[in-house]
Amino acid sequence: MTGEEKKKRGSGSEGSSNKDLNDWLPITSSRNAKWYYSAFHNVTAMVGAGVLGLPYAMSQLGWGAGATVMVLSWVITLYTLWQMVEMHEMVPGKRFDRYHELGQHAFGEKLGLWIVVPQQLMVEVGVNIVYMVTGGKSIKKIYDTACPSCRPLKTTYFIMMFSSIHFFLSHCPNFNSITLVSFLAAIMSLSYSTIGWGASVHKGISPEVDYSPRASTTTGRVFGFLSALGDVAFAFAGHNVVLEIQATMPSSPEKPAKKPMWKGVIFAYIVVALCYFPVAFAGYAVFGKSVEDNVLISLEKPAWLIIIANAFVVVHVIGSYQVFAMGVFDMVESYLVKQRKFTPTKTLRFIVRTSYVALTMFLGITFPFFGGLLGFFGGFAFAPTTYFLPCIMWLAIYKPKKFGLSWFTNWICIILGVLLMILAPIGALRQIILQAKDYKFYS
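Everything numeric here is computed off the predicted structure, so don't read it as measured data.

Q: How should the packing of aromatic side chains be read in this particular structure?
A: Within this structure, the stated rule accounts for 22 aromatic pairs. Relative to F281, the ring of W63 lies with its centre 6.3 Å away and its plane at 50°, an arrangement referred to as tilted. Here W63 is found in helix α5 (residues 63–87), whereas its partner F281 is found in helix α12 (residues 258–287), with 218 residues between them in sequence. With a relative accessible area of 26%, F281 lands in the partly exposed category. On the numbers, 5.3 Å between centres and 80° between planes, the contact of W407 with F408 is edge-to-face. On the accessibility criterion, W407 (17% relative accessible area) is buried.

Q: Explain the packing of α5 against helix α10 (residues 218–235) to me, please; I cannot follow it from the model alone.
A: Each pair of packed helices gets described by two things: the angle between the helix axes and the distance between those axes. The contact between α5 and α10 brings their axes to 10 Å, and the two run at 30°. With respect to each other, α5 and α10 are oriented roughly parallel. With respect to the hand of their crossing, α5 and α10 are arranged in right-handed fashion. Counting all contacts with α5, which are made through A65, V69, M70 and S73, the residues of α10 involved are F225, L229 and V232. Of the residues contributing to the contact of α5 with α10, the split by class is six nonpolar, one polar and no charged.

Q: I'm lost on the nonpolar core in this one. Help?
A: In globular proteins that are soluble, nonpolar side chains generally tend to be buried together. Among the nonpolar cores identified, the biggest contains 115 residues, and V51, L54, M70, V232, F236, Y276 and M393 are the most heavily contacted of them. The contacts of L54, once residues within four sequence positions are left out, are M70, V232, A235, Y276 and A280.

Q: Which parts of the structure should I look at to understand the side chain of T44?
A: Here T44 is to be found in helix α3 (residues 35–46). A polar side-chain atom of T44 sits 2.7 Å from the main-chain carbonyl oxygen of F40. When neighbours within four sequence positions are excluded, T44 is seen to be in contact with S182, A185, A186, H316, G319, S320 and V323.

Q: Just checking my understanding: could you explain the environment of E208 for this structure?
A: Mapped onto the fold, E208 is located in the loop between α9 (179–203) and α10. Residue classification places E208 among the exposed positions, given a relative accessible area of 64%. C-alpha separation for the pair E208 and G288, spaced 80 residues apart in sequence, amounts to 9.4 Å.

Q: Can you walk me through helix α4 (residues 54–61) in this structure?
A: With eight of eight residues buried, α4 is to be regarded as a mostly interior element. The elements touched by buried residues of α4 are α5, α10, α12, α13 (295–298) and α17 (405–437). In the segment just after α4, G62 is the residue with positive phi, at about 90°.

Q: Quick question: what am I supposed to make of the pattern of salt bridges here?
A: Think of it this way: side chains of opposite charge can pair up when their charged atoms draw near. Enumeration according to the criterion identifies eight salt bridges in this entry. Notably, a salt bridge pairs R31 with D97, separated by 2.9 Å at the nearest N-O pair. Taken as a pair, R31 in the loop between α2 (15–24) and α3 and D97 in the loop between α5 and α6 (99–107) lie far apart in primary sequence, 66 residues in all. A residue is classified by how much of its surface remains accessible, and R31, at 28% relative accessible area, is partly exposed. Classification of D97 by relative accessible area gives buried; the value is 6%. Where D330 meets R98, a salt bridge forms, and the shortest distance between an N and an O atom there is 2.4 Å. Residue D330 is located in helix α14 (residues 303–338), and its partner R98 is located in the loop between α5 and α6; the two are separated by 232 residues in the primary sequence. For D330, a relative accessible area of 2% corresponds to the buried category. R98 sits in the buried class, given a relative accessible area of 6%. Several salt bridges share partner residues, and in doing so they unite R98, E101 and D330 into one network.

Calculation criteria
- Starting afresh in each chain, residues are numbered from 1 along the sequence in its written order.
- The model is predicted, so local features are restricted to residues of pLDDT at least 70 and side-chain atom pairs to those at 80 or more, both for listing and for counting; the totals for chains, interfaces and linings are taken over all residues.
- Hydrogen atoms and water are omitted, and side-chain values are computed over all heavy atoms in the structure.
- Any two rings among Phe, Tyr and Trp, with Trp reduced to its six-membered ring, count as a pair given centres within 6.5 Å; such a pair is stacked if its planes are under 30 degrees apart, edge-to-face if over 60, and tilted if neither.
- Each helix corresponds to a stretch of at least 4 residues labelled H or I by DSSP, and each strand to a stretch of at least 2 residues labelled E; elements are numbered beginning at the N terminus.
- Only protein chains enter the accessibility calculation, which uses a 1.4 Å probe. A residue is then buried if its area is under 20% of the maximum for its type, exposed if over 50%, and partly exposed in between.
- Axis lines are fitted to C-alpha atoms, over the contacting stretch for helices. Their N-to-C directions set the angle, which ranges from 0 to 180 degrees.
- Orientation labels follow simple angle bins: below 35 degrees gives roughly parallel, above 145 gives roughly antiparallel, 65 to 115 gives roughly perpendicular, and whatever is left gives oblique.
- Two helices crossing with the near one rotated counterclockwise from the far one by less than a right angle form a left-handed crossing, whereas a clockwise rotation gives a right-handed crossing.
- Here, two residues are considered to be in contact whenever any of their heavy atoms come within 4.5 Å of each other.
- Residues are sorted three ways: Asp, Glu, Lys and Arg are charged, Ala, Val, Leu, Ile, Met, Phe, Trp, Tyr, Cys and Pro are nonpolar, and all the rest, Gly among them, are polar.
- Among buried residues, those of type Ala, Val, Leu, Ile, Met, Phe, Trp, Tyr and Cys that are joined through side-chain atoms within 4.5 Å constitute a nonpolar core.
- Two N or O atoms form a polar contact when they lie within 3.5 Å of each other; inside protein one atom must be a possible hydrogen donor and the other a possible acceptor, and for residues adjacent in sequence the pair counts only when both atoms belong to side chains.
- By salt bridge we mean one thing: a side-chain nitrogen of Lys or Arg within 4 Å of a carboxyl oxygen of Asp or Glu.

This is the structure:
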């Protein structure tokens, strides 16, 4: 290929070149997804390791506030998800295949990119780092439980074991090629959530269970409360890949993609409710304020059940990592081809994806403060993209009547979301600082 041809191919400025690029990029290269693909991907993206931290969040919020925050989050995020599904094809003949494309339509070419891309990247990369840690810790838990007399190994080794799977899986070309992984992950999330609350219920509430505030000082209580808000926000975070999932579906004016997509979303949200509410409430009811930041760690017996539950977590987190990574791959690969004029080849893809997995592995090994990380990312990055950015876009694009129902609903979501974004990271940052005090690097 001559330099001139390369330029033409890489520029993406002409229609045919753009189409070639779209046929190569992971989000848009395959558009034959069914509604249940959307259900699997949404469950996998949404019901993450965050569900296991919900009883711990409840122990910091208490019964009243905890239940309120959980129900409100479920309702608000379902509403904002509906908005995104609706906005995917609101311009006739055009599809907003990526979150930032919708942002550019709402806020303008430059500003839209600057508003959406940093937040979306922070969420997707943040989730992938947290999942590296979760996957590694779950494999360690299996090892420790299966062989209590074996030589203890560093968490670092287990994170490396977990990441080795992704050095292979990351080379699946597009979203539809990971449907089977997503399907397995979705089943696993339902399974380990059921084990989480089922084993808690089976253990039963002991007479000495204590529901008093977790921290002994007022400062500790306030910061714990704020951090718990971030944990809940983290648990409801599938919005960052929802347009990308919808982009994989076929669409025509007669049969828009939003119908099968919405069907998949409803299915996914029923599964979310079946996973989240029983785990949060049963886990807190049984262990009270002594519950660990991963409820499976609190369940010491029977050993075989703990091993199975952690194995389910590992399989689920493998799928979840891939769903979130696919958005990053799409963004980086399209930037390199469009802006940096690289030729879209298998070699480019291999280098980008292998480097990304290595980076998330390195960061996961370096900062494995699981609980604090959840709250920090949950408040700082998830709150905007999940709770209120869709509402701002809706107001900017559709301009609903002032003081009408739609206007009010969106403003309530925006105010709650902004509060969440400001308050949650404050609590989480304190938690990270406290945990980091005793932390030895690469231990």
